[in-house]
Amino acid sequence: MASLLSIHVVTWNVASAAPPPDLSDLLQLNNLNLNLDVYVIGLQEMNGGIMSLLSDTAFEDPWSSFFMDVLSPLSFVKVSSVRMQGLLLLIFAKYQHLPFIQILSTKSTPTGLFGYWGNKGGVNIFLKFYGYYVSIINCHLPPHMANNDQRLEHFDRILEMQNFEAQDIPNILDHDLILWFGDMNFRIEDFGLHFVRESIKNQCYSDLWEKDQDCWEMGLCLSLQLSIAKRHDPLLREFQEGPLLFPPTYKFDKNSNNYDTSEKKRKPAWTDRILWRLKRQPQAAVHTPTLSAPHFTLFPRSYVSHMLYSISDHKPVTSTFDLELKPLVSAPLITLLPESLCTEESDLLISYSLTADFLSSPWDWIGLYKVGLRHINDYVSYVWVRDNQVSFSDGLNQVYIDISDIPETEDQFLLFYYSNNLHSVVGISKPFKIQPRSFLAEGPLDEAQPQI
């Protein structure tokens, strides 16, 4: 049976600014017609100063903290992130999806200063999502009208660096889905500043888009065809993009919706883009029956800019997708169950069962979390699966968390099983409550009795 999941993708060059007070519009928090499952957020030009980078290394950067604070009450957990100087890529998912998300790799590809400096380049997260391979790339390509060839070269270099010969990960061209977005810095050629601004004023975007699209489809594909000819795949022609039915997103005067009024008066451009590519299915021979491929289809629901935000000279761009798939993995590797009615008068007993093909490790652990956790390190207590072991058999294992490690609260809790081998959560319990001590008292027969 096919499942329908919603993914919201954000790209924004924030020009070193701090998060604004409210990002509800950007994250579509007030859209009652959306039931999102995953957020993919890519930022460019975060504050990359030395002191800022040192602070962000020791602590969570302000943007990540802001997104976690906003999304965690809505049951979203930060699944993975990767940072390279001003580039940041974040993935959030509702916690019930975590057992079906396996992070395979994160990677940074600097292309600035001949490939040695990360002010330009791409950051990538590779994962398996319900058994399908997904690549997510956030990039920042070179600026300026005259640097189109350099942009294409950087695009090509980022792509070529996404292969992992030493790991059991397919070539990126064999991934089921590639989401590629960021500040790509492509400009509108041929048209003059006055014509471009008048077209924007009159909302005649199609004329500008056609010219921009000619540059995308012809210039970019021809430039990259030599480097991908070995694969016999006109790759860039296979990337898709929604129609540009919103104003160009660059360059604005900060704290306004006015295009550049400085002496340079830069021509507006759609620099901020969201692209996607689905894996090509092999062509069957004439007399060979066509094999039914796994069901995996992406439908764009929206592709918009958000003029509300003016902290940067770029406007953010978002796209919401419906992902229809037939899960290749439909059951978690671990089933977790907190035993009976958990109380703080005794240790928390945890039962869990493993699938036959799951390879456990002594370094696997089970974490106790409050509902509303921000990320995997947000546990309130944990136990190594080989420690505090009560019993084990072929089908069932039991461990306990010590009473002294259990917080006294009426909050709801979750149990996560983290696999060291897979570097991912592979099992989650249903929410449950731990009865506070204040509601319990020992009766004459040492039975827990309500406190009066």
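Note: the structure precedes this text.
In this report, the structure presented in the accompanying data block is examined.

**Here's the deal with the overall build of the protein**
Part 1 of the argument: Within the protein one finds 7 helices and 22 strands.
Part 2 of the argument: Across the 452 residues that make up the protein, the buried fraction comes to 50%.
Part 3 of the argument: Sequence separation of 24 or more characterises 69% of the internal contacts of the protein that already satisfy a separation of 6 or more.
Part 4 of the argument: Entry remark: accessible area of the protein is about 21800 Å², with carbon and sulfur atoms responsible for 53%.

**Quick word on the sheet that holds strand β17 (residues 397-401)**
Part 1 of the argument: Ordered by their spatial adjacency, 4 strands build an open sheet running β12-β13-β17-β16, and the pairing between neighbours is antiparallel. Pairing within the sheet leaves two strands with one partner each, and these edge strands are β12 (334-338) and β16 (389-392). Ignoring strand direction, the axes of neighbouring strands in this sheet form an average angle of 20°.
Part 2 of the argument: In the sheet, strand β13 (residues 348-354) pairs with β17 via 5 bridges, with the strands oriented antiparallel. When the bridges of β17 are listed, Ile350 appears paired with Val399.

**Quick look at the environment of Asp61**
Part 1 of the argument: Within the secondary structure layout, Asp61 lies in the loop between α2 (50-58) and α3 (62-71).
Part 2 of the argument: Its relative accessible area of 6% is what places Asp61 among the buried residues.
Part 3 of the argument: The spacing of Asp61 and Arg83 is 22 residues in sequence and 10.0 Å in space, taken between C-alpha atoms.
Part 4 of the argument: Within polar-contact distance, the side chain of Asp61 engages the backbone nitrogen of Trp63 at 3.0 Å.
Part 5 of the argument: There is a polar contact of 2.6 Å between the side chain of Asp61 and the side chain of Ser64.

**Some details on the side chain of Ser24**
Part 1 of the argument: Looking at where Ser24 falls in the secondary structure, it is placed in helix α1 (residues 24-27).
Part 2 of the argument: Side-chain polar atoms of Ser24 contact the side chain of Asp22, separated by 2.6 Å.
Part 3 of the argument: Setting aside residues up to four positions removed in sequence, Ser24 forms contacts with Leu29, Asn30 and Tyr309.

**So, the packing of aromatic side chains**
Part 1 of the argument: Enumeration over the complete set of coordinates arrives at 23 aromatic pairs.
Part 2 of the argument: Relative to Phe76, the ring of Tyr39 lies with its centre 5.0 Å away and its plane at 70°, an arrangement referred to as edge-to-face. Residue Tyr39 is located in strand β2 (residues 38-44), and its partner Phe76 is located in strand β3 (residues 76-84); the two are separated by 37 residues in the primary sequence.
Part 3 of the argument: Phe76 sits in the buried class, given a relative accessible area of 4%.
Part 4 of the argument: Across the ring face of Phe252, the terminal group of Lys315 is positioned such that the distance to the ring centre comes to 4.8 Å.

**Topic: the sheet that holds strand β1 (residues 3-13)**
Part 1 of the argument: Taken in spatial order, the 6 strands make up an open sheet running β3-β4-β2-β1-β11-β10, and their pairing is mixed. Either end of the sheet is taken by a strand with one partner, and the two such strands are β3 and β10 (296-305). Across this sheet, the average inter-strand angle for adjacent strands is 15°, counted without regard to direction.
Part 2 of the argument: Here α3 sits on the sheet and contacts β1, β2, β3 and β4 (87-94); the angle it forms with β4, its principal contact strand, is near 15°.

**A look at unusual backbone geometry**
Part 1 of the argument: With an omega of 0°, the peptide bond between Tyr250 and Lys251 qualifies as cis.
Part 2 of the argument: Of note, Lys251 is situated in the loop between α7 (235-238) and β9 (272-278).
Part 3 of the argument: The backbone phi angle of Tyr130 is positive, close to 55°, even though this residue is not glycine.

**With respect to helix α5 (residues 193-201)**
Part 1 of the argument: Where α5 is concerned, the buried positions are Val196, Ser199 and Ile200. Buried residues in α5, looked at end-on, bunch into an arc of 100°, giving them a common side. For α5, exposure combined with an orientation more than 90 degrees from the buried face picks out His194 and Lys201.
Part 2 of the argument: Gln203 sits one or two positions beyond α5 and adopts a positive phi of about 60°.

**Topic: the pattern of salt bridges**
Part 1 of the argument: The full count for this structure, using the stated rule, is 7 salt bridges.
Part 2 of the argument: Put simply, Glu241 and Arg273 hold a salt bridge, and the shortest N to O gap is 2.7 Å. Pair noted here: Glu241 is in the loop between α7 and β9 and Arg273 is in strand β9, with a separation of 32 residues, a long-range link. The burial state of Glu241 is the same as that of Arg273; both residues are buried.
Part 3 of the argument: Notably, a salt bridge pairs Lys370 with Asp411, separated by 3.5 Å at the nearest N-O pair. Taken together, the positions of Lys370 in strand β14 (residues 365-370) and Asp411 in the loop between β17 and β18 (412-419) put the pair 41 residues apart, joining distant regions of the chain.
Part 4 of the argument: What makes Lys370 partly exposed here is its relative accessible area of 33%.
Part 5 of the argument: Looking at Asp411, the relative accessible area reads 33%, which means it is partly exposed.

**Focus: the pairing of β3**
Along any regular strand, the residues point their side chains to alternate faces of the sheet.
Part 1 of the argument: For β3 and β4, the ladder comprises 8 bridges, and the chain directions are antiparallel. Paired with Val77 across the strands is Ala93, a residue of β4.
Part 2 of the argument: The hairpin turn running from β3 into β4, its antiparallel successor, is 2 residues long, and Gln85 in that turn takes a positive phi close to 50°.

Rules behind the numbers
Residues numbered from 1 in each chain as written. Predicted model: local features only at pLDDT ≥ 70, side-chain atom pairs only at ≥ 80, totals over all residues. Heavy atoms only, no water. Helix = DSSP H or I, 4+ residues; strand = E, 2+ residues; numbered from the N terminus. Buried < 20%, exposed > 50% of the residue type's maximum accessible area, 1.4 Å probe, protein only. Contact = heavy atoms within 4.5 Å. Areas by Shrake-Rupley, 256 points an atom, 1.4 Å probe, with all protein chains shown as cover. Pairing = 2+ DSSP bridges. Axes fitted to C-alpha atoms, helices over the stretch in contact; angles between N-to-C directions. Polar contact = N/O pair within 3.5 Å; in protein donor to acceptor, adjacent residues only side chain to side chain. Phe/Tyr/Trp six-rings, centres within 6.5 Å; stacked < 30°, edge-to-face > 60°. Lys NZ or Arg CZ within 6 Å of the ring centre and 35° of its normal. Arc of directions from axis to C-beta. Salt bridge = Lys/Arg side-chain N within 4 Å of Asp/Glu carboxyl O.

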